[in-house]
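# Results of the structural survey
Each chain is listed here by its residues.
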Amino acid sequence: MTAERTIVAGGGPGGMLLAYLLARAGLPVTLLERHRDFDRDFRGDSLHPWTLELFDRLGLAGRLLEQPHVPARRFRFRTGRGTVTTTDYGLLDTPYDYVALMPQARFLDFLAAEAATLPTFELRTGAAVNGLLGAGTADDPVRGVTLRSGERIDAGLVVAADGRFSRLRTLAGLTAESQGATTDLLWFALPRHDDDPPDAAVDLFLGTRSYVGLLGGEDRWQVGLSLPKGGYPALREAGVEHVRREVAGLVPWLAGRVGLLTDLDDATLLSVDISRVPDWHRPGLLLIGDAAHVISPVGGNGILMALQDALAAANHLVPALRAGSVGTATLAAVQAEREPAIVSVQSRQVRVERGVARARERGRTIAPPAFVRLLMRLPPVRRRSARDNAYGPVPVHPTPELARELGLAPVPA
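As the structure is a computational prediction, the values presented were derived from the model and not from experiment.

### Side note on helix α1 (residues 13–24)
- Compared with the 16 Å implied by 1.5 Å per residue over 12 residues, the 16 Å span of α1 between its first and last C-alpha is a close match.
- In terms of residue burial, α1 counts as a mostly covered element, since 12 of its 12 residues are buried.
- Restricting attention to buried positions, one finds in α1 the residues Pro13, Gly14, Gly15, Met16, Leu17, Leu18, Ala19, Tyr20, Leu21, Leu22, Ala23 and Arg24.
- Directly beyond the C-terminal end of α1, a positive phi value near 85° is found at Gly26.

### Details of the side chain of Thr183
- Among the secondary structure elements, Thr183 is positioned in strand β14 (residues 183–191).
- Taking the relative accessible area as the measure of exposure, Thr183 reaches 0% and is therefore buried.
- In contact with Thr183, other than residues within four places in its own chain, are Tyr211, Ser226, Leu227, Pro228, Lys229, Val272, Glu353, Val356 and Arg360.

### Some details on the packing of α1 against helix α8 (residues 302–323)
- Closest axis-to-axis distance for the α1/α8 pair is 8 Å, and the angle between their directions is 30°. Regarding the angle of α1 to α8, the classification is roughly parallel. Crossing angle aside, the handedness with which α1 passes α8 is right-handed. Across from Pro13, Gly14, Leu17, Leu18, Leu21 and Leu22 in α1, the residues of α8 making contact are Ile303, Ala306, Leu307, Ala310, Leu311, Ala313, Ala314, Val318 and Leu321.
- Across the contact of α1 with α8, the residue classes tally to 14 nonpolar, 1 polar and no charged.

### Digging into the packing of α8 against helix α9 (residues 328–362)
- Running from N to C, α8 and α9 point in directions that differ by 160°, and their axes come no closer than 9 Å. Taken together, the axis directions place α8 and α9 in an arrangement best described as roughly antiparallel. Where α8 crosses over α9, the two elements pack in a sense that is right-handed. Along the contact surface, α8 presents Met305, Gln308, Asp309, Ala312, Ala313, His316, Leu317 and Ala320, while α9 presents Thr330, Leu331, Ala333, Val334, Glu337, Arg338, Ile342 and Val345.
- Here the residues of the contact of α8 with α9 sort into 10 nonpolar, 3 polar and 3 charged.

### Some thoughts on a positive patch on the surface
- Judged by side-chain charge, Arg354, Arg358, Arg362 and Arg364 come together as a positively charged surface patch.
- Position of Arg362 among the secondary structure elements: in helix α9.
- On the basis of relative accessibility, which here comes to 51%, the residue Arg362 falls in the exposed class.

### Looking at the pairing of strand β12 (residues 157–160)
- Both faces of β12 are covered, namely the face carrying Leu157 and Val159 and the face carrying Val158 and Ala160.
- Bridge count for strand β1 (residues 6–9) against β12 is 4 bridges, and the pairing is parallel. Residue pairing in the sheet places Thr6 in a bridge with Leu157 of β12.
- In terms of strand pairing, β12 meets strand β21 (residues 285–287) through 3 bridges, oriented parallel. Bridged to Ala160 within β21 is Leu287.

What counts, and where the lines are drawn
Residues numbered from 1 in each chain as written. Predicted model: local features only at pLDDT ≥ 70, side-chain atom pairs only at ≥ 80, totals over all residues. Heavy atoms only, no water. Helix = DSSP H or I, 4+ residues; strand = E, 2+ residues; numbered from the N terminus. Expected span 1.5 Å × (residues − 1). Buried < 20%, exposed > 50% of the residue type's maximum accessible area, 1.4 Å probe, protein only. Contact = heavy atoms within 4.5 Å. Axes fitted to C-alpha atoms, helices over the stretch in contact; angles between N-to-C directions. Parallel < 35°, antiparallel > 145°, perpendicular 65-115°, else oblique. Left-handed = near helix turned anticlockwise from the far one by under 90°. Nonpolar A, V, L, I, M, F, W, Y, C, P; charged D, E, K, R; others polar. Patch = residues over 30% accessible without salt bridge, like charges linked within 9 Å, V, L, I, M, F, W, Y side chains within 5 Å. Areas by Shrake-Rupley, 256 points an atom, 1.4 Å probe, with all protein chains shown as cover. Salt bridge = Lys/Arg side-chain N within 4 Å of Asp/Glu carboxyl O. Lys, Arg positive; Asp, Glu negative; His and termini not counted. Charge placed at Lys NZ, Arg CZ, Asp CG, Glu CD. Pairing = 2+ DSSP bridges.

Read these as spatial facts, not as claims about activity.
Given below as structure tokens:
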């Protein structure tokens, strides 16, 4: 029996990995990406130890890490009271004891090139979905998509991996419910200098009104300045000089180059969202990644959660597709496996958001409580924090069946 084609809509990390895994299992899959390429200014650049270990088992880690990247081994809060190391990946028992900071476009290009070597994989760029074939009901399941060009593509299963503003989610009549974000972020880039602190790649610099998050790259810093949710109009009125003062005040070694930000139009507003869809599926349709649940940038977990969604989906979908059809029970099983991790991550992020909002309202320094700062001096606590962040609250592993299908290397002893 020849398996029906699966359509994956959205060429972000989750969609790309799922399409690769299905094709590596010999199943026909078409990945639809509405843009012509992946060369866009993404925000999420973090490849966690879980990801690197999975790619090691896939036989891809060596080639992936030949791509330029920055290893980040610690996550810290920098405050006026000192530096608090909350997460030390170097304490983990893994050869990948760091987060690899790699531009997302580079990661996606790499994985797309690997997938292109598989005979059942098809990538179509510039392919914007504007309709679903089928109503997504028991009597009329989703059985493909229509493109903006008017083309119709039939499929046995459609996977929506098209991001936080998912077109397919809207077409299916599904709605994401907000969990309560209180912060937005203004993102821009500044050049990296040779004498910059080498270990500041994922640090947060905390103040009374705002904080600055850094993501290190080969030759630049991505700089994220926090502001109250909906506070962008006030920020625009205050002007670019206000942004420069805030950043220079919190990260003094950037003071000599904040003047390179000459206009707020050169920055990007990231409206932080924490939300999830109650039901991630309809007959013939599955949502994964940001289409199903939006993770805030706090902790850098967005890519990790999307990739784990993809692996969990492959665990369930490959045997079902091989058997000839994917029923609602299979789609529900993907959500049942992944939802506890998403709820856990989002609950923590909401607590952080509320703490930041309270500190901002009271004019207090945005900083961890004193007892947390004390606990973080203990290596076992930093190791536990690192493990939770590196692997997520509910790590996903390939099932033995999927491991055989993909020819995975055995788990290291």
